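Descriptive structure summary
One letter stands for each residue in the lines below.
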Amino acid sequence: MAHLIDGKMLSAQIRDEVKAAVALRSASGKRAPYLAVVLIGEDPASASYVKGKAKASTEVGIDSDTMTYDASISEAEVLDIIERLNQDESVDGILVQLPLPAHIDEQKVIHAISPAKDVDCFHPESVGNLVIGLDGFQPATPAGIVEMLKRTGIETSGKHCVIIGRSNIVGKPLANLMLKKGIDATVTVCHSRTSNLAEIARQADILVAAIGRPNFVTKDMVKPGAVVIDVGINRVDDESRERGYRLVGDVDFEAASTLASHITPVPGGVGPMTIAVLLQNTLKAAK
Ligand code: NDP
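Definitions and cut-offs
- Residues numbered from 1 in each chain as written.
- Predicted model: local features only at pLDDT ≥ 70, side-chain atom pairs only at ≥ 80, totals over all residues.
- Heavy atoms only, no water.
- Axes fitted to C-alpha atoms, helices over the stretch in contact; angles between N-to-C directions.
- Helix = DSSP H or I, 4+ residues; strand = E, 2+ residues; numbered from the N terminus.
- Parallel < 35°, antiparallel > 145°, perpendicular 65-115°, else oblique.
- Left-handed = near helix turned anticlockwise from the far one by under 90°.
- Contact = heavy atoms within 4.5 Å.
- Nonpolar A, V, L, I, M, F, W, Y, C, P; charged D, E, K, R; others polar.
- Polar contact = N/O pair within 3.5 Å; in protein donor to acceptor, adjacent residues only side chain to side chain.
- Near = heavy atom within 4 Å.
- Areas by Shrake-Rupley, 256 points an atom, 1.4 Å probe, with all protein chains shown as cover.
- Expected span 1.5 Å × (residues − 1).
- Buried < 20%, exposed > 50% of the residue type's maximum accessible area, 1.4 Å probe, protein only.
- Arc of directions from axis to C-beta.
- Pairing = 2+ DSSP bridges.
- Right-handed = clockwise from strand over helix to strand, strands pointing away.

1. Quick look at the packing of helix α1 (residues 7-27) against helix α10 (residues 270-286)
For any two helices packed against each other, one specifies the crossing angle of their axes together with the interaxial distance. In the contact formed by α1 and α10, the axes pass within 8 Å of each other and the chain directions differ by 15 degrees. Judged by the angle between their axes, α1 and α10 are roughly parallel. Crossing of α1 against α10: the hand is left-handed. Here G7, K8, L10, S11, I14, R15, V18, A21, V22 and R25 of α1 come into contact with α10, specifically with P272, M273, A276, L279, Q280, L283 and A286. Across the contact of α1 with α10, the residue classes tally to 11 nonpolar, 3 polar and 3 charged.

2. A word on the side chain of D92
With respect to the helices and strands, D92 occurs in the loop between α3 (75-87) and β4 (93-96). Among the polar contacts listed, one links the side chain of D92 to the side chain of R31, at a separation of 2.8 Å. Leaving out residues up to four positions away in the same chain, D92 has contacts with R31, A32, P33, Y34, A116, K117, T282, A285 and A286.

3. Some thoughts on the site of the ligand
What surrounds the ligand is a group of 20 residues, the closest being R166, S167, S192, I233 and T274. Take S167: an N or O atom from its side chain is 2.6 Å from an oxygen atom of the ligand. In the model, an oxygen atom of the ligand is placed 3.0 Å from a nitrogen or oxygen of the I233 main chain. Burial of the ligand by the protein amounts to 72% of the accessible area it has alone, namely 920 Å². Ranked by residues supplied to the shell around the ligand, first place goes to α10 with 3 residues.

4. Description of α1
In a regular helix each residue adds 1.5 Å, so 21 residues correspond to 30 Å; α1 covers 30 Å between its end C-alpha atoms and thus fits that length. Taken together, the buried positions of α1 are occupied by G7, L10, S11, I14, V18, V22 and R25. For α1, the arc enclosing every buried residue in end-on projection is 115 degrees, short of the 170-degree limit, so these residues lie on one face. In α1, those exposed residues whose orientation departs by more than 90 degrees from the buried face are K8, D16, L24 and A27. Residues of α1 that are buried make contact with α2 (44-60), α6 (140-151) and α10. In this structure D6 caps α1, since a side-chain oxygen of it lies 3.0 Å from the backbone nitrogen of K8. After α1 finishes, the residue G29 shows a positive phi value of roughly 90 degrees.

5. Some words on α6
Structurally, the α-helix is built with 3.6 residues per turn, so residues lying three or four positions apart point the same way. Here α6 is 12 residues long and its end C-alpha atoms lie 16 Å apart, about the 16 Å a rise of 1.5 Å per residue gives. The inward-facing, buried residues of α6 contact α1, α7 (171-179), β7 (206-209), β8 (227-230) and α10. Following α6 by one or two positions, G153 adopts a phi angle in the positive range, close to 75 degrees.

6. Things to note about the sheet that holds strand β11 (residues 262-263)
Here 6 strands make up an open sheet; going across it, the order is β1-β11-β8-β7-β5-β6 and the pairing parallel. With one partner strand each, in any of the chains shown, β1 (3-4) and β6 (186-190) form the two edges of the open sheet. Note: strand β5 (residues 160-164) against β7, 4 bridges, orientation parallel. Bridging across to β7, V162 finds its partner in L207.

7. Some thoughts on the environment of Q13
The residue Q13 is located in helix α1 in this model. Spatially, the C-alpha atom of Q13 lies 9.0 Å from that of A276, the residues being 263 residues apart in sequence. Separated by 3.1 Å, the side chains of Q13 and R151 make a polar contact.

8. Focus on the pairing of strand β2 (residues 34-40)
Burial within β2 is extensive, with 7 of its 7 residues counted as buried. The alternating pattern of β2 places Y34, A36, V38 and I40 on one face and L35, V37 and L39 on the opposite face, and all of these are buried. Taken together, the 7 bridges between β2 and strand β3 (residues 63-69) define a ladder with parallel strand orientation. Pairing of L39 across the sheet is with T68, part of β3. Viewed along the sheet, the connection from β2 through α2 into β3 turns out right-handed.

So this is what it looks like as structure tokens:
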């Protein structure tokens, strides 16, 4: 059976490190880092992510406010809010929770955030720094995955990392991180037009699923001994739960566990790591 990579435990380590660094700053008379979170509309998943981020910030001593707006807010108003946050010297990090309502251009909003406060690492300047290997903010979910691998002692150098999913949030930035000097994986990125996906996945030493479909990765896609990282967060109906659903990943966990050397659970895997990296980025922004 695969060794379970405990994202909760590893993210707690990172949060403790951030907490200690924040305490050190305040001992030297500096104010606490401040994260401004902008939430637009009433998507329950977004509201729940934002709540988790705010709670985690408070726990490590980072100040944070969630600014909530009705879904009918105009694009111009959102851009104004961001400009005010950009100008406000007491704001270190700005996070606009995605997705946005359809009438607001997501790319315009991302472009509006000052790269110096772009703790989500979505601005083209941040992405460019990542691609050419310069220091800067880390893309939260991909960097969380890399931290998991490092802290679990998993070798990445020369390993074949197959990523299923090419989104700007997960697949593409993860490919760039895994390629970075010092991490040194050989990377293949798959998507909905990939032919022979199962065959490619079976070649992976490190297989990352970031698709958004429950149980997409089946046993026949996993090479014996592979490390399986499940990024997916999917709600499936479950009448036995009070809330009527449960969260599952993109991997058939039971089946893949019989072959993989290491595997991440959902929940309790990549999700908590994502929040931990966001805290690291906010601390970096304050510095
Ligand atoms: P997107 O919907 O933006 O991207 C999904 C990717 O999967 C696309 O590249 C798409 O290909 C690919 N895909 C879809 N169907 C198939 C298929 N049949 N075969 C091969 N590839 C396919 O999703 P995200 O990257 O934003 O998120 C992916 C999952 O990860 C979601 O469940 C999301 O909730 C979760 N997530 C979890 C986070 C965490 O902290 N744990 C953070 C962010 C996301 P194509 O480009 O061709 O359409």
